[in-house]
Amino acid sequence: MNRSKHICLSLHCSLHGRYHELAPHLVPMDYTNDPDVKVPLALIVNMPELKENPFRNRIVESFSEDGQGNLSFNDFVDMFSVLSEMAPRELKAIYAFKIYDFNVDNYICKEDLEKTLNRLTKEELTPEEVVLVCEKAIEEADLDGDNKLSFADFENMISRAPDFLSTFHIRI
Amino acid sequence: MSVFPQPGTSLGNQGPTAYELQQVVEKNTSELVSELANLSDRARIQAIRSLPMSYDDRRRIRSRAISVKTSKNIFNIDCTQHVSRSFRRIGASVASARQWLVVWHGTLKEIGGRFGTSVLSYFLFLKWLLKFNVFSLIINFCFITIPQIVHAPNISNVTGFRGLELLTGVGYFNQSVLFYGGYNGEVIVSEPPYNMQLAYFFTIAAYLVLCGVSLIYSMSRSFQKNFVLESGPVSGGAWRLLCSWDFSVVNEKAIQNNKNNLGTQLKESLSERLQMKHTMSVSERMKYLSLHVLAWLLSLGLAVGSCAGIYFLGIDQLETSKLDHNTNDLTVEASTLLLPVVVSLINLIVPLLYSLISIMERYSNPRAKIYIGITRNVVLKMSILGILCYYWLNSVPQKMACWESFVGQSVYRLLMIDFIFCLFGTFFGEFLRNVIGTRCVPSLGVPEFDIARNVLDLIYAQTLAWIGIYFSPLLPVMQVIKLFIIFYVKKFSLSMNCQPPKHTGRAAQMQTVFIALLFFPSFVGALSMVAYTVWSLKPSNYCGPFQGLQTPFDTILSWTVYIQNLPGTHWVWWIFENMLRNELFYYLVTLIIFVITYFLWQITQGRKELIRTLRQQIVNEGKDKAFLLNRLQNTQKQGRQKESFRNQEFDQTPHFNPNWINTLPLDM
């Protein structure tokens, strides 16, 4: 069965343990009947690996089927397998793009960048500086001149940042 | 929600209807399924794994692909599929069993969570070096030491065990299997006969070859992953904003630190952009250039001076000490520790001097400063090792009876003292510096964990271990114990005393540089030293497995003569004589490699050109899109204007403007 993706079987079992821990009354230990159980967003973002991450809500939302952050076990495994060390760069780039795309319109526009920046720096920069940084970022990365970053622009930028593979990584 | 990337509907309200969307999705899915059905099993699994879909969608596509494939194969090749599936299962279970052997998994996760990926890379490097040493230990122990211990107890313990042996390696350890002198090269009479000389030679050679292959493989993998197509400053806001955030950090304080760092760096890059880039005048440039030249002269002078000092100290020791194996004098033994202590002091102090020197220089970007610092340190360390090798291979063999053991003991002493200095360095460098930085002089602050210096120390120690392997087959024991202890000491010191480095750009490139340094001066140097010893030096006459021969390589020659006479192994002799010992073969191989390299280089140039043209094409497409949007909006606007005009006139007939071409915008 194609269950283990970029993580191996023993880790898969320990992931099931972690998933069960999140909501013991909701998640059955026995998955042979493939029950349709989804753990809500609020419980998942309390995991120690995600608790302090500034993008925790967006990460969980990007991997959920309904876009609201309710993950079934398969989505949970998907999430950690894409965020593991061995996932290929293209897959990571696709999901990173989804995470940074706050308004889910398949483009990273200026508002998305401003939201990202606010999550990453809080009160360090003044509003004018925020606008300036976002404009400069779009100017640098936008290839086709439509003032927002499409997936191709984003992927082009990723190819010039080899660290991305190791920083876009959550250990479990 | 469609799972295939859809082009954005930027043409306003003219998006496709729901039914059309569904048709498109269904067509894409069936194309994907037929593509997948044509792949082999293994390739299909890989392709399905890398689809950006949810698990249920992927499972559906997989079952469709398999049903298409089995419906195509009327003659079901069930047997091979079954065999390949069971092989895959075995492979998967071996991989999962390997997971249990992963040592330090929890500790590494904790370090990565608190300090980020760049500090974690130091610990991963240490773990990787540990693997080399454990492998060497196992094969040396199995193939060389155990036969020697079991069959040929030819050692004479001269002195009892005193504590000093652990540091100096002489005395009790002198004729033991720890060093070269403890082995003799007899043929162990068993069924089949086990030739100790050949075993010694081949074990060491096989280990070094495997190390080399593994290093080349890691280096090329790392280079391939981290090679950046376009050079140029990637220090802009876009990269920093979107690609540099470290997701693996989970500690709250560390995340707050990272946020502050990011904010500071963004502010810095903004202010750099706002102020004019001031061009330096000619006199200023000359001044900075002369400062650079002066700094380089000073650094090289320091390196040369240290090497000369070490060489003359060594010669002096050789003259005066006359360390014979029968001496009982503790002070004479302790004086052999003088050279290693001097070497370690130089390795400690001179890099500090280098960092002081670099304060007076001015660099165009901070990364240049790091790389130049690394270059100077590498030059220093490798020249020290070089002069030591020269001393060991040129001066020692004439003066000592069992000179290989002496060299092995010297390497042992160097490693031990280096280890002790490393522990002291951690204590003084990090703990005291932390105390000074937080209590006495608060402006200094908490020390940063200096990754470059620590990694270079690891590379230096590993070079010594590789040099020493021929002269002391059990040296990896010491190296393994040392690496274990250093891991825990550094981890402890890190959590108590240090903070993560502030500038973490391009950590992946630094990784590649470190692996390349481990290969190029370090491994290649050690290999050439061992190769020179085996090929050209006369082994000592009274000890060791190669006693009595002209060079250790003669065992191979005599072995090839032996197998020439055996029936059935003539081809081994033929390969050895006509390929490995034939210069023409190497010339041909080199020529072919040059030609292939030239072809590949031309292909790379062509691809770079292609990338440039494609980029230009993307820009042009963007301009085309903008132009078409503009025209569409103008036409719509005119349509609406005509509507309102017509409504005012109560004219029902459609009004066709024959001059519609003049309504095109002028700025085409």
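As the structure is a computational prediction, the values presented were derived from the model and not from experiment.

**Considerations on the packing of helix H8 (residues 196-226) of chain B against helix H19 (residues 554-565) of chain B**
Each pair of packed helices gets described by two things: the angle between the helix axes and the distance between those axes.
All names here are of chain B.
Turning to step 1, where the next piece is worked out: In the contact formed by H8 and H19, the axes pass within 10 Å of each other and the chain directions differ by 120°. Between H8 and H19 lies a crossing of left-handed hand. Listed contacts from H19 to Gln197, Leu198, Phe201 and Phe202 of H8 are Thr555, Ile556 and Trp559.
Turning to step 2, where the next piece is worked out: Per-class residue counts for the contact of H8 with H19 are five nonpolar, two polar and no charged.

**Quick notes on the UniProt feature "domain: EF-hand" (unreviewed entry) in chain A**
All names here are of chain A.
Turning to step 1, where the next piece is worked out: The positions that UniProt labels "domain: EF-hand" (unreviewed entry) are, in the present scheme, residues 88-123 and 129-164.
Turning to step 2, where the next piece is worked out: End C-alpha atoms of residues 88-123 are separated by 35 Å, and the span's content is 67% helix alongside 0% strand.
Turning to step 3, where the next piece is worked out: Regarding residues 129-164, the helix share stands at 64% and the strand share at 0%, and the terminal C-alpha atoms are separated by 25 Å.

**What about the nonpolar core?**
Most often, soluble globular proteins keep nonpolar side chains buried together rather than apart.
Turning to step 1, where the next piece is worked out: Tyr122(B), Phe125(B), Trp392(B) and Trp466(B) are the most contacted members of the largest nonpolar core, which totals 107 residues.
Turning to step 2, where the next piece is worked out: Sorting elements by how many residues they give to this core places helix H6 (residues 117-151) of chain B first, with 13 residues.
Turning to step 3, where the next piece is worked out: When residues no more than four places from it in sequence are discounted, the contact partners of Phe125(B) are Val455(B), Leu458(B), Ile459(B), Phe514(B) and Leu518(B).
Turning to step 4, where the next piece is worked out: Within the second largest apolar cluster, 65 residues are counted, among which are Ile44(A), Val60(A), Val133(A) and Leu266(B).

**Considerations on the state of the cysteines**
Turning to step 1, where the next piece is worked out: This structure, assessed with the given rule, holds one disulfide over all chains.
Turning to step 2, where the next piece is worked out: Through a disulfide, Cys402(B) is tied to Cys543(B); the S-S separation comes to 1.7 Å. Its S-S torsion of approximately 105° makes the covalent link between Cys402(B) and Cys543(B) right-handed. Placement of Cys402(B) in the loop between helix H14 (366-399) and helix H15 (403-440) and of Cys543(B) in the loop between helix H18 (507-536) and H19 is noted, with a sequence separation of 141 residues between them. Of the two residues, Cys402(B) and Cys543(B), neither departs from the other in class, the shared state being buried.
Turning to step 3, where the next piece is worked out: A disulfide-free cysteine, Cys109(A) has its sulfur positioned 10 Å from the sulfur of Cys134(A), the nearest such atom.
Turning to step 4, where the next piece is worked out: With no disulfide of its own, Cys211(B) lies 16 Å from the sulfur of Cys142(B), the closest cysteine sulfur.

Conventions we followed
- Residues numbered from 1 in each chain as written.
- Chains lettered and ligands numbered in written order.
- Predicted model: local features only at pLDDT ≥ 70, side-chain atom pairs only at ≥ 80, totals over all residues.
- Heavy atoms only, no water.
- Axes fitted to C-alpha atoms, helices over the stretch in contact; angles between N-to-C directions.
- Helix = DSSP H or I, 4+ residues; strand = E, 2+ residues; numbered from the N terminus.
- Left-handed = near helix turned anticlockwise from the far one by under 90°.
- Contact = heavy atoms within 4.5 Å.
- Nonpolar A, V, L, I, M, F, W, Y, C, P; charged D, E, K, R; others polar.
- UniProt positions renumbered as here; feature names shortened; annotations may be inferred.
- Core = buried A, V, L, I, M, F, W, Y, C linked by side-chain atoms within 4.5 Å.
- Buried < 20%, exposed > 50% of the residue type's maximum accessible area, 1.4 Å probe, protein only.
- Disulfide = S-S within 2.5 Å.

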